[in-house]
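Topology and contacts: notes
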Amino acid sequence: LKEHPNEFSLYPPLAALLETPQEKTQVLLKGALQALQQEKTQVAKELSQKAQVFSADSFIDNLITLDLLKKQGQERELKAHLLHLAKAFEENGHTKQMLQAYKMLFQIEKAPQYCQKILIAYEKLQKPQKVQEWSLTYLDLLIDKKKWKQAEKVAKDALQKSNQSIFLYKKLEEVYTHWKG
């Protein structure tokens, strides 16, 4: 493969000869990257899918699949794959990987549910500055979507944890002005 890296049919048999899942994944992903460089997206997709069998819980190993979906303009599949990864990481207690997946989802779609998951992750990771930043982002999203009851709860929770109480009181005032009239 060093002399003929574009012989894509050789990557799966070579991977089968290796012992550890990490080694198998590495060979298959190397082939997928080579295929992407040659703009052979179908080959890259097949090799990437084979690699996922050995590395389903690795965020790094899934980046090639995500990149492939992005390059193919398959936003719906990209979001579905990211959401699947995020939930799997959450179920397995991999908070950092879950955080990465939800942040990528949030970049695609500014949805309150993703923001909430990011906030929860930062709380678990004990990052108070990030908790404060994402509380405000979450609060702004809820206000924009006129979800007053949720916005009130987020504002009150943030007030208990924050040192920026004046700004949060202004946000809470905005919630009450619009929600309660």
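In this report, we go over the structure that sits alongside the text. Computed from a prediction, not measured in an experiment: that's the story for all the values here.

Conventions adopted
- Residues numbered from 1 in each chain as written.
- Predicted model: local features only at pLDDT ≥ 70, side-chain atom pairs only at ≥ 80, totals over all residues.
- Heavy atoms only, no water.
- Helix = DSSP H or I, 4+ residues; strand = E, 2+ residues; numbered from the N terminus.
- Rg over C-alpha atoms; globule rule 2.2 N^0.38 Å.
- Buried < 20%, exposed > 50% of the residue type's maximum accessible area, 1.4 Å probe, protein only.
- Contact = heavy atoms within 4.5 Å.
- Areas by Shrake-Rupley, 256 points an atom, 1.4 Å probe, with all protein chains shown as cover.
- Lys, Arg positive; Asp, Glu negative; His and termini not counted.
- Charge placed at Lys NZ, Arg CZ, Asp CG, Glu CD.
- Salt bridge = Lys/Arg side-chain N within 4 Å of Asp/Glu carboxyl O.
- Core = buried A, V, L, I, M, F, W, Y, C linked by side-chain atoms within 4.5 Å.
- Patch = residues over 30% accessible without salt bridge, like charges linked within 9 Å, V, L, I, M, F, W, Y side chains within 5 Å.
- Phe/Tyr/Trp six-rings, centres within 6.5 Å; stacked < 30°, edge-to-face > 60°.

Time to look at the overall build of the protein. Each helix and strand counted, the protein has ten helices and zero strands in total. Of the regular secondary structure in the protein, the N- to C-terminal order runs α-α-α-α-α-α-α-α-α-α. Taken over the C-alpha trace, the protein has a radius of gyration of 21 Å; the compact-globule value for 181 residues is 16 Å, which it surpasses by more than 25%. Among the 181 residues that make up the protein, the fraction classed as buried is 39%. For the protein, long-range pairs separated by at least 24 residues make up 44% of all intrachain contacts whose partners lie at least 6 apart in sequence. For the protein, the accessible area works out to roughly 11,200 Å², and carbon and sulfur atoms hold 50% of it. Distance from the positive charge centre (28 side chains) to the negative charge centre (22 side chains) of the protein: 5 Å.

Attention now moves to the pattern of salt bridges. All told, the structure shown has five salt bridges when counted by the stated rule. In this structure, lysine 79 and glutamate 109 form a salt bridge, with 2.7 Å as the shortest nitrogen-oxygen distance. With a gap of 30 residues between them, lysine 79 in helix α5 (residues 75-91) and glutamate 109 in the loop between α6 (95-108) and α7 (112-124) connect regions that are remote in the sequence. Here lysine 79 falls in the partly exposed class, since its relative accessible area comes to 23%.

One can find glutamate 152 in helix α9 (residues 148-161). Among all residues touching glutamate 152, those that are not within four sequence positions of it are Leu172, Val175, Tyr176 and Trp179.

Let's shift gears to the nonpolar core. Tyr102, Phe106, Ile118, Trp134 and Leu139 are the most contacted members of the largest nonpolar core, which totals 37 residues. Elements represented by at least two residues in this core include exactly α4 (59-71), α5, α6, α7, α8 (128-144), α9 and α10 (165-179). If you tally residues by element for this core, the top one is α8, at eight residues. The contact partners of phenylalanine 106, leaving out residues within four places of it in the chain, are Ala111, Tyr114, Cys115, Ile118, Trp134, Thr137 and Leu141. In this structure, Tyr11, Ala15, Ala32 and Ala51 belong to the second largest nonpolar core, which totals 14 residues.

Moving on: a nonpolar patch on the surface. Taken together, the side chains of Leu1, Leu10, Leu14 and Leu17 present a nonpolar region at the surface, about 360 Å² in accessible area. Within the secondary structure, leucine 1 is located in the segment before α1 (11-17). Assessed through its relative accessible area of 33%, leucine 1 is described here as partly exposed.

The subject of this paragraph is the packing of aromatic side chains. Counted according to the given criterion, the structure contains three aromatic pairs. With a centroid separation of 6.2 Å and 40° between ring planes, the pair formed by tyrosine 102 and tyrosine 114 is classed as tilted. Linking tyrosine 102 in helix α6 with tyrosine 114 in helix α7, this pair joins segments that are twelve residues apart in sequence. Residues tyrosine 102 and tyrosine 114 agree in their burial class; the two are buried. Taking 5.1 Å as the distance between ring centres and 75° as the angle between the ring planes, the aromatic pair formed by phenylalanine 106 and tryptophan 134 counts as edge-to-face. One end of the pair, phenylalanine 106, is in helix α6; the other, tryptophan 134, is in helix α8, with 28 residues separating them in the sequence. Neither phenylalanine 106 nor tryptophan 134 differs from the other in exposure class; each is buried.

Interpretation note: all reported values are geometric properties and have no functional meaning in isolation.
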